[in-house]
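# Structural overview for review
Given next are the chains, with one letter for each unit.
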Amino acid sequence: MPAHQPDHDRGIARRLSSFGLGEEDLTAWRESGLPDSAFDEWLTDRVARRPAGSRARSVYGAEDVHDFARRAILGALALGAKDRLLEVGCGGGLLLRDALDSGAAVTGIDHSEEMVALARERAPGANVELASAETLPFADASFSAVAMSVVFFFFERPELVLSECRRVLAADGRIAVYTTAPELRGTPAAPEPLARFGHFYTDAQLAQLARGAALRDVAVDNSGGGQLITGRR
């Protein structure tokens, strides 16, 4: 073992610990075989962009995770028994679980295999699939409502994601997206290095993205840096 390796591992362990991660995650980093230059992006994936590991399951399965966003989205959509909801980036499935209480038919997608498994546990009445937000595996006009909770921030092609959401919405279907405003960059809501791999938009930019995807009745409500975008097909 190189002489510097123990110090190097301690430095990595400290950085992991600052995000509540531990030995399991240190082992996963070592086994990834990635160079040190890729650590920040790997960490962003493991913590938020593609959550994995026991810590991710406990965080995204917790009752209070993103509860503010969940309440805002469900309040805006006002789901009923005739609705068909799609959640893009469903994480641990708590929004899906709560949406089921409305009587709606509920579907979720995520690109993290671990989150798909967790969502199926937390929302057993929902259909949950492993899929990409940029190529939704559903026919046109399949849903009456689409939700996205604290995932829009990570999309590299947000206009394509919104266009896909519009495609799968039925006529007059509605969409509600909750994301993080630029003023929260560097705060606990969007800490580094995660913020470096995210995308922040002003309220006006978000509205422009939504209208560019041919959504109508677009509105952006910014509450303390939490942005709720709503619109209709």
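Below, the structure is looked at part by part. None of the values given here were measured: they were computed from a predicted structure.

Every buried residue of helix α2 (residues 23-32) is accounted for by D25, L26, A28 and W29. The buried residues of α2 occupy one face: seen down the axis, they fall within an arc of 160 degrees. Exposed side of α2, more than 90 degrees from the buried face: E23 and E31 are the residues found there. Looking at the residues trailing α2, positive phi occurs at G33, about 70 degrees.

Turning our eyes to something else, we now look at the sheet that holds strand β2 (residues 105-110). Taken together, 7 strands build an open sheet; the order of strands is β3-β2-β1-β4-β5-β7-β6 and the sheet is mixed. Sheet topology places β3 (127-130) and β6 (216-223) at the edges, where each strand pairs with a single neighbour. Between one strand axis and the next, the sheet turns through 15 degrees on average, direction left out of account. Where β2 lies against β3, 4 bridges are found, and the strand directions are parallel. The partner of D110 across the bridge, within β3, is L130. Across the sheet, helix α7 (residues 113-122) touches β2 and β3, and the angle it forms with β3 is around 170 degrees.

Scoring rules and cut-offs
Residues numbered from 1 in each chain as written. Predicted model: local features only at pLDDT ≥ 70, side-chain atom pairs only at ≥ 80, totals over all residues. Heavy atoms only, no water. Buried < 20%, exposed > 50% of the residue type's maximum accessible area, 1.4 Å probe, protein only. Helix = DSSP H or I, 4+ residues; strand = E, 2+ residues; numbered from the N terminus. Arc of directions from axis to C-beta. Pairing = 2+ DSSP bridges. Axes fitted to C-alpha atoms, helices over the stretch in contact; angles between N-to-C directions. Contact = heavy atoms within 4.5 Å.

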